[in-house]
Amino acid sequence: MTVIIITAFEKSPDRGAGLARDTRVRWALEEVGQPYEVRPVSFRAMKELAHLALHPFGQIPTYEEGNLTLFETGAIVFHIVEQHAGLLPRDANARARAITWMFAALNTVEPPILELVNAQILESDKPWNKERMPLLRNRVRDRLKQLSVHLGDAHWLDGAFSAGDLMMVSVLLRLKSSGLLNEYPNLAAYVTRGEARPAYKRAFDAQLALYMASQQSVSPDSIP
């Protein structure tokens, strides 16, 4: 059996909160019942030739399976769900809709969220940041309102849980600390349902364990 190997941050900047994109890949693999191994990569190693041969933009995660190498979580998760049953409906039309929601999560909902997150974390010291933040938050609200209207009182976006929900929940998780999700109770509940899935919990626990191990490796007790 060919071993699946994914890469992840050796020391994740989110401190094990599950926001790094390898968590999405882990979750998909857990949902379809596929074992995998993880190769931690340092920030320095991410810019070296060996890793750039796997991911030309020097990021994580990457996915290796035999002679196949992939990067970008959308492409990786799409490959996983195409190869293994469990996250795409059998009905052709429902399957197409689930794939549409995967793209919607990454191309329509995530960009304004990332813009907001980057402004909060990377641009907080800029003189224009304070004036710009309300605009960014309202752009996110626009998308959340549209998504909330579509979801209504349903549990998932289109019938049963699918890869579209996996991607959408993964994207929305970035907003938990912002308070914006709480303005849309059905979306907050939607994310909570995603987090409650056993496969998500296994994926989250695995990436957290990696982060905790990285912390122990630099603990005071380990310094001569």
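In this section: the packing of aromatic side chains. Taken as a whole, this structure holds 7 aromatic pairs when the rule is applied. Each member of the aromatic cluster is reached from another via a ring pair, and the members are Trp27, Trp156, Phe161, Tyr190, Tyr200 and Phe204. Arg193 extends its terminal NZ or CZ atom over the ring of Trp156, reaching a point 5.8 Å from the ring centre.

Checked against the element boundaries, Asp153 lands in the loop between helix H5 (129-151) and helix H6 (163-172). Along the primary structure Asp153 and Ala189 are separated by 36 residues, whereas in three dimensions their C-alpha atoms are 9.8 Å apart.

Burial analysis of strand S1 (residues 4-9) places 5 of its 6 residues in the buried class, the great majority of the element. A crossover connection joins S1 to the parallel strand S2 (residues 37-41) through helix H1 (residues 22-31); in handedness this β-α-β unit is right-handed.

In this structure, Met168, Leu172, Leu175 and Tyr190 are the most contacted members of the largest nonpolar core, which totals 54 residues. If you list the elements that add at least two residues to this core, you get S1, H1, helix H3 (73-83), helix H4 (92-121), H5, H6, helix H7 (185-196) and helix H8 (198-216). A total of 11 residues in this core trace back to one element, the largest contributor, which is H4. Once you skip the residues sitting within four places of it in the chain, Tyr190 turns out to touch Leu151, His155, Trp156, Leu157, Asp165, Met168, Val169 and Leu172. Counting 5 residues, the second-largest nonpolar core is a separate cluster that includes Ala20, Val41, Met46 and Ile60.

Calculation rules
In this numbering scheme, every chain counts its residues from 1 along its sequence in written order. Reporting in this predicted model follows two pLDDT cut-offs: at least 70 for local features of residues, and 80 or more for side-chain atom pairs to be given and counted; totals over whole chains, interfaces and linings ignore these cut-offs and use all residues. Hydrogens and waters are ignored; side-chain quantities use all the structure's heavy atoms. Here a pair means two rings of Phe, Tyr or Trp (six-membered ring of Trp) with centres within 6.5 Å. Their orientation is stacked below 30 degrees between planes, edge-to-face above 60, and tilted elsewhere. Only lysine NZ and arginine CZ atoms are considered, and such an atom sits over a ring when it is within 6 Å of the ring centre and within 35 degrees of the ring normal. Per the convention used, a helix needs a DSSP run of H or I reaching at least four residues, while a strand needs a run of E reaching at least two, with both numbered from the N terminus. Each residue's exposure class comes from its accessible area (1.4 Å probe, protein chains only) as a fraction of the maximum for that residue type: buried when under 20%, exposed when over 50%, partly exposed otherwise. When the strands point away from the viewer and the path from the first strand over the helix to the second turns clockwise, the crossover is right-handed. To form a nonpolar core, buried Ala, Val, Leu, Ile, Met, Phe, Trp, Tyr and Cys residues must be joined to one another through side-chain atoms within 4.5 Å. Throughout, a contact is declared for two residues whenever any of their heavy atoms are within 4.5 Å.

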